[in-house]
Amino acid sequence: MAHSKHALQAVLISLSTLVLSACLSSGSDDPTSTAGGGSVINPAESNGRVFLIQPGPNATEEMVKAMVQLKPKDILRFDCGFFDLKTGIQITTTEDVIIEGCGMDETFLSFRDSTSQEGFLASNVRGITVRNLTIGDSPGDAFKMKGVNHGTLKKVRAIWSSGRKLPEERPITAGNFRDEIKVACTDPARHNPANPNPLETDNTSPDYTVSTASGRYGIYPVESRNILVEETESIGASDAGIYVGQTNIAKIRKSRAAFNVFGFEIENVQDGEYSENLAECNSGGFLVYDLDNLTQYGSRSRVYNNISRNNNTYNFAVPGSIVANVPRGSGLITLAYDKIDIYDNVFENNGTAGIILTSYDLLGENGDRRMDVYSEAVNIFDNTFINNGNDLPQPDFASIIATQGAQISSAFPLVVGLKNALGGGGYRGAHIVWDGYTDTLNSSCDLPKDRNGNPVEVDADGKPIQGNQNPNPSCRYNKYKFETNGQRKVPAWWFSCINPNNNFGSDSLAFSNFHGTRGLDAVINLNTSDPTANLSLEYIQSIATGIPLLPSEFDVSKHDCMARFGADLPRLPDFEFEPFVPSGQFAPEPTAEAVKALCEVPLKAGVVNEAAAQVNCPDLAQYNLFANDQNPASRPNGQGMPYVLNSKLFSDYSIKHRVMFIPEGKQARFLEDEESRVNSTIEFPVGTIIAKTFSFVDQPAARETPYETRLLIKRQRTDGQNYWEALEYIWQDAGNGNGKRKAVLTQFGGSAAASWDYVDVDSGKRQTGSTAAYMFPNASQCAICHSNNDVDPGSAPIGPKPRNLNRAYLNESPMFTGQAQHPVNGKNQLKFMCETGLMNGCPSSFNLDQRQVATNVNHIPKFNNPGDSGMPANSKGDIEARARAYLEVNCAHCHNVNGQASNTGFYVDVFRAVDSTYGICKKPTASGSEGRGTRTYDIHPAMSSDSIVPYRMGPEAVELAAKMPPLARSVVHTEGVALINQWIDQVIDSSYENADACQEGNTSGGGLPLIGGLPLLP
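This one's a predicted model, so the numbers in the text were calculated from it and none came from an experiment. (Residues numbered from 1 in each chain as written. Predicted model: local features only at pLDDT ≥ 70, side-chain atom pairs only at ≥ 80, totals over all residues. Heavy atoms only, no water.)

1. Describing the overall build of the chain
And then number 1: Looking only at helices and strands, the chain has 16 helices and 45 strands in total.
And then number 2: Here the chain holds 1018 residues, and 61% of them are scored as buried.
And then number 3: When the accessible surface of the chain is totalled, it reaches about 35,500 Å², and 50% of it is carbon and sulfur. (Helix = DSSP H or I, 4+ residues; strand = E, 2+ residues; numbered from the N terminus. Buried < 20%, exposed > 50% of the residue type's maximum accessible area, 1.4 Å probe, protein only. Areas by Shrake-Rupley, 256 points an atom, 1.4 Å probe, with all protein chains shown as cover.)

Shown next as structure tokens:
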């Protein structure tokens, strides 16, 4: 109800005038080994290898070496002590592994100086346990699991230094970590120190100083399955401390969250459970809700035997984020989530309310019509409520100013208090607060359709099974909640059943239905001559009679379902985790002897050592890929074919030489259905090697220097499963004194200085610059970008899709190269592959235009070549096509429904409509202050200055947690940022779908005028 928000904005305007060393055990059945100065390791669960990492200057390198090798049954163990780690723990595409320390109070992993956003990241893993350690000061999330099936986090802690990045910060160090991890909850800071209200003096805490600069999530499993979080702790997260989102079957138990914005959060989860947890000194204790525009919507969570107390820390989330709407003093909030059992809990000393039952109607019209915006079937029984609602916070004017009056939700406690006072309950909250918003039957709205035009599937209750993979319908379907005569099905779809057996302390109101913001319009309109008097309690009381729904109601008997409807809601059943079954896809690591036998062999001129593709050779030259083993830009051996892409991933202005080596006697296969397989490249046969060399060019000096060559090798496991192995080779001096160089397998990555000066062959523009931090990725970082759920496992190729290969070959380098002399030079690459037998399944013909582009095959343009789209140069269509090509190549490998960033709901694959899922007027789902700056929407039509996408690409995004892409660049791609800004400002307008969801006033900067004093409320 958008008018309600406008009314509240008017109210606030009136109100403002008032007031390692690594040790490796054998792979034998006996897992016992002696390592690290005589310590004995006896992992009962394991008969694999054990990697022991010890504190010291080599810990990061040894950790990375170990983590990229993890196979089933292996353990990565950190010894006791303080670790200063320079990159995150990243575990990808493996299964049944353990990451552990020697105790959450004894092993501290500091990521203060890390080059990775997460402290720990597991992605696309089946079976992983993390236990007995603490992660501190990660730039972004502390523990993240993405696409994990069977993940356990046990006896782990996430913590950020008190006052992180503030003048009063107490950094956690090797000397003090055992003391700093012990954070009590005695007296939270109730007021934002930035709030311009002299009456708010309680803005410090003797226990801990919160900071918006802390990472967003402490413990963060997302888009996963069978997740257990047990005996854990999170301190200081600027979003949620312990969170499970878009996940099926998740249990969070026996854990503590303190001094986070939200302590515990279940978001879009199906079958969730909180039990025996403690939430204290957060802004809000527990949240069970659905967020819009995500992969799935949730249902069925049990919240029992928890304690939610003293959650009165001021909300320190970045203004404009969804969690910034949470009023401090909230014990538990439900929002747009159905079927919750809340029982046997204690809600105590929460300033706004013990439980808040609310809907998106309170926040304004929600544009995602796939989602039901109301919480229903909330079953509240056998709880104890003590002293809730007796310390209502005043509006957070700092946040209101930062969003220019757009984020006004911090005023909702004020509205609750005023409405309760008008109803005779006094200026306060209540043990249970309900916004009172309900829906009626929308009889004209039919079951929504999927992308193929078929009705979406429904669950056992007839509710649509929805997610952002389906189009946003024109209306919000709700027939499943109602009988054929239009009466609501009760109690099944009543909003909450509040059992009389709850123990409500007499110190507070038991229940309040404050009717949301309804009635405020009338208050504003009745006294336009003197707006400063609009919120005088005496004035409102004098005119309140006769204004419908302005005063609160306190009759909880309407929620006594047994008395009213003759039945209570059935209790949700317990659920069990699905059994873990090993896949059997992982073969043992090959022995050193086996590697030597395949790699250290005599090489034949012009012939690739294809047999060696089975193993990881220590020297690139051992594969014999290039005619000159000193020059990876020389002519490729065997069937190697150099290729280029229309638009390329930006990597610090490096020049790239790409070659595909298809084994003799084999063929690739053309991909016909690109639109339904947006992540898939052409299909390569087993044994294929794809080589990509990154070089830096000094054209005036006629010098090109290769820095690294990355290989992707397609292999097959013993059970027939195909997968891609990523290998990183760094070029260095060969050490023999003759000036020769070699490329050495370096799976732990690194960095180097680089400079460039050359004329770009596509744009004709001269590029000059330098960086001190060009990054060589480690093997796990490769998989972060190259791993999607709908392609072969491992690090599958990204670039060689038909639409991006559909062009004539032209070597990227302005220097002479042997690859430029290959027969493909100047020819359409797809047509050449088909005519030379490198690829089958080809189109019957290629209709080439004057650019050597096949007009009957999909084509994305060169982003930096106006007119390459086939439309007039710099026309609106041409700008959009080039901008979308740039975003696809640089972002879509993660930002797609099967990628690493699928949980964000922001997808930029080129076949997708430019709508809410493409970022139009979409707010970010999980973005800290660095990740959004002061901007509001991913893409704000005609306003690049309020759009998060170009901000994260641009020069203002200096923090690691802000930069996008998070890997592969250390400098800003000026041309890419300029193109995206041009597209947003000159092309995207109000005609784009969902453009009306950008609310007026949501610009960066500015402020709400504070004319005079601040409120003195009862």
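2. Regarding the nonpolar core
And then number 1: Residues L76, F78, I89, I91, F120, I128 and F143 are the most contacted members of the largest nonpolar core, which totals 130 residues.
And then number 2: Here the element with the most residues in this core is helix α5 (residues 412-422); it accounts for 7 residues.
And then number 3: Not counting residues within four places of it along the chain, the set of residues in contact with I128 comprises I91, V97, I99, F120, A122, M145, V148, H150, G151 and T152.
And then number 4: Core analysis: the second largest hydrophobic core is formed by 42 residues, Y707, W756, Y758 and A995 among them. (Core = buried A, V, L, I, M, F, W, Y, C linked by side-chain atoms within 4.5 Å. Contact = heavy atoms within 4.5 Å.)

3. Regarding unusual backbone geometry
And then number 1: At the junction of V490 and P491, the peptide bond is cis and its omega measures out at 0 degrees in the coordinates.
And then number 2: Within the secondary structure, P491 is located in the loop between β32 (430-434) and β33 (496-498).
And then number 3: For N226, which is not glycine, the phi dihedral falls at a positive 60 degrees.
And then number 4: Within the secondary structure layout, N226 lies in strand β15 (residues 225-230).
And then number 5: The residue Q246 is not glycine, and still its phi comes out positive at about 50 degrees.

4. What about the packing of helix α13 (residues 876-891) against helix α16 (residues 974-986)?
And then number 1: With their axes 9 Å apart at the nearest point, α13 and α16 run at an angle of 135 degrees to one another. By the angle between their directions, the pair α13 and α16 is classed as oblique. You can see that α13 and α16 cross each other, and the crossing is left-handed. Here K876, I879, E880, R882, A883, R884, Y886 and L887 of α13 lie close against α16, whose contacting residues are G976, L979, I980, Q982, W983 and Q986.
And then number 2: In the contact of α13 with α16, the residues fall into 7 nonpolar, 3 polar and 4 charged. (Axes fitted to C-alpha atoms, helices over the stretch in contact; angles between N-to-C directions. Parallel < 35°, antiparallel > 145°, perpendicular 65-115°, else oblique. Left-handed = near helix turned anticlockwise from the far one by under 90°. Nonpolar A, V, L, I, M, F, W, Y, C, P; charged D, E, K, R; others polar.)

5. So, the state of the cysteines
And then number 1: A complete count under the given rule lists 7 disulfides for this structure.
And then number 2: Bridging C445 to C475, the disulfide has an S-S length of 2.0 Å. Judged by the sign of its S-S torsion, about 85 degrees, the bond between C445 and C475 is right-handed. With C445 in the loop between β32 and β33 and C475 in the loop between β32 and β33, this pair connects stretches of sequence that are 30 residues apart.
And then number 3: Bridging C497 to C561, the disulfide has an S-S length of 1.9 Å. (Disulfide = S-S within 2.5 Å.)

6. What to know about the packing of aromatic side chains
By convention here, two paired aromatic rings are described through the distance between centres and the angle between planes.
And then number 1: In the structure shown here, the tally under the stated rule is 36 aromatic pairs.
And then number 2: Ring geometry for F385 versus F504: centroids 4.9 Å apart, planes at 25 degrees, classification stacked. Here the residue F385 occupies a position in strand β31 (residues 384-386), and F504 occupies one in strand β34 (residues 503-504), the gap between them amounting to 119 residues.
And then number 3: The exposure class of F385 is buried, given its relative accessible area of 1%.
And then number 4: A relative accessible area of 23% means that F504 is categorised as partly exposed. (Phe/Tyr/Trp six-rings, centres within 6.5 Å; stacked < 30°, edge-to-face > 60°.)

7. Some words on the sheet that holds strand β23 (residues 284-289)
And then number 1: If you walk across this open sheet you meet the 11 strands as β7-β10-β12-β14-β17-β20-β23-β26-β29-β32-β35, and the pairing is parallel. Each end of this open sheet is capped by a strand with a single partner; those strands are β7 (89-92) and β35 (511-513). Pairwise comparison of adjacent strand axes, ignoring direction, gives a mean angle of 10 degrees for this sheet.
And then number 2: Pairing geometry for strand β12 (residues 143-146) and strand β14 (residues 217-222), over 4 bridges, is parallel. The residue bridging K144 from the neighbouring strand is Y220, located in β14. (Pairing = 2+ DSSP bridges.)

8. Thoughts on α16
And then number 1: The end-to-end C-alpha separation of α16 is 18 Å, in line with the 18 Å expected for 13 residues at 1.5 Å each.
And then number 2: Within α16, the full set of buried residues consists of E975, G976, V977, L979, I980, W983 and I984.
And then number 3: Residues of α16 that are buried make contact with β44 (766-776), α13 and α15 (948-953). (Expected span 1.5 Å × (residues − 1).)

9. Re the pattern of salt bridges
And then number 1: Under the defined criterion, the tally for this structure stands at 60 salt bridges.
And then number 2: Note that D96 and K73 form a salt bridge whose closest N and O atoms lie 3.2 Å from each other. Note that D96 is positioned in strand β8 (residues 95-100) and K73 in the loop between α2 (59-67) and β5 (75-78), a separation of 23 residues in sequence.
And then number 3: Residue classification places K73 among the partly exposed residues on the basis of a relative accessible area of 34%. (Salt bridge = Lys/Arg side-chain N within 4 Å of Asp/Glu carboxyl O.)

10. Here we look at the environment of R428
And then number 1: Looking at the secondary structure, you find R428 in the loop between α5 and β32.
And then number 2: In this structure the C-alpha to C-alpha distance between R428 and P393, which are 35 residues apart in sequence, comes to 9.8 Å.
And then number 3: The contacts of R428, once residues within four sequence positions are left out, are G389, N390, L392, V416, G417, N420, D507, S508 and L509.

11. Overview of the side chain of N994
And then number 1: With respect to the secondary-structure elements, N994 resides in the segment after α16.
And then number 2: Leaving out residues up to four positions away in the same chain, N994 has contacts with S916, I920 and C921.

12. Section: the pairing of β32
And then number 1: Of all 5 residues making up β32, 5 are buried, and the element is well covered by its neighbours.
And then number 2: Across 4 bridges, the pairing between strand β29 (residues 353-358) and β32 is parallel. Within β32, the position partnered with I356 by the bridge is V433.
And then number 3: Strand direction decides the pairing type here: β32 and β35, joined by 3 bridges, are parallel.

13. Things to note about α2
And then number 1: For α2, the buried fraction is high: 7 of the 9 residues fall into the buried class.
And then number 2: Burial in α2 covers these residues: A59, T60, E62, M63, V64, A66 and M67.

14. Some points on the confidence of the model for the chain
And then number 1: With 87% of its residues at a pLDDT of 70 or more, the chain has an overall mean of 86.
And then number 2: This stretch, residues 1-5, has a pLDDT under 50; its non-local contacts, to residues over four places away or in other chains, come to 13 contacts.
And then number 3: Segment residues 10-44 is flagged for pLDDT under 50; beyond a separation of four residues in sequence, or across chains, it makes 94 contacts in the model. (pLDDT = per-residue confidence, 0-100.)

15. Looking at the side chain of Q819
And then number 1: Checked against the element boundaries, Q819 lands in the loop between α11 (802-805) and α12 (829-835).
And then number 2: Q819 has contacts with F626, P632, A633, S634, R635, P636, P642, H657, R658, V659, Y809 and N811, leaving out every residue within four places of it along the chain.

16. A few points about the environment of I939
And then number 1: Examined against the element boundaries, I939 turns out to sit in the loop between α14 (929-932) and α15.
And then number 2: As a C-alpha pair, I939 and I980 span 41 residues in sequence and 9.9 Å in three-dimensional space.

17. Focus on the environment of I89
And then number 1: Mapped onto the fold, I89 is located in strand β7.
And then number 2: By relative accessible area, which is 1% here, I89 ends up buried.
And then number 3: Along the sequence, I89 and F143 sit 54 residues apart, while their C-alpha atoms lie 9.4 Å from each other.
And then number 4: Ignoring sequence-local partners within four residues, the contact set of I89 consists of M63, M67, L76, F78, L109, F111, G119, F120 and L121.

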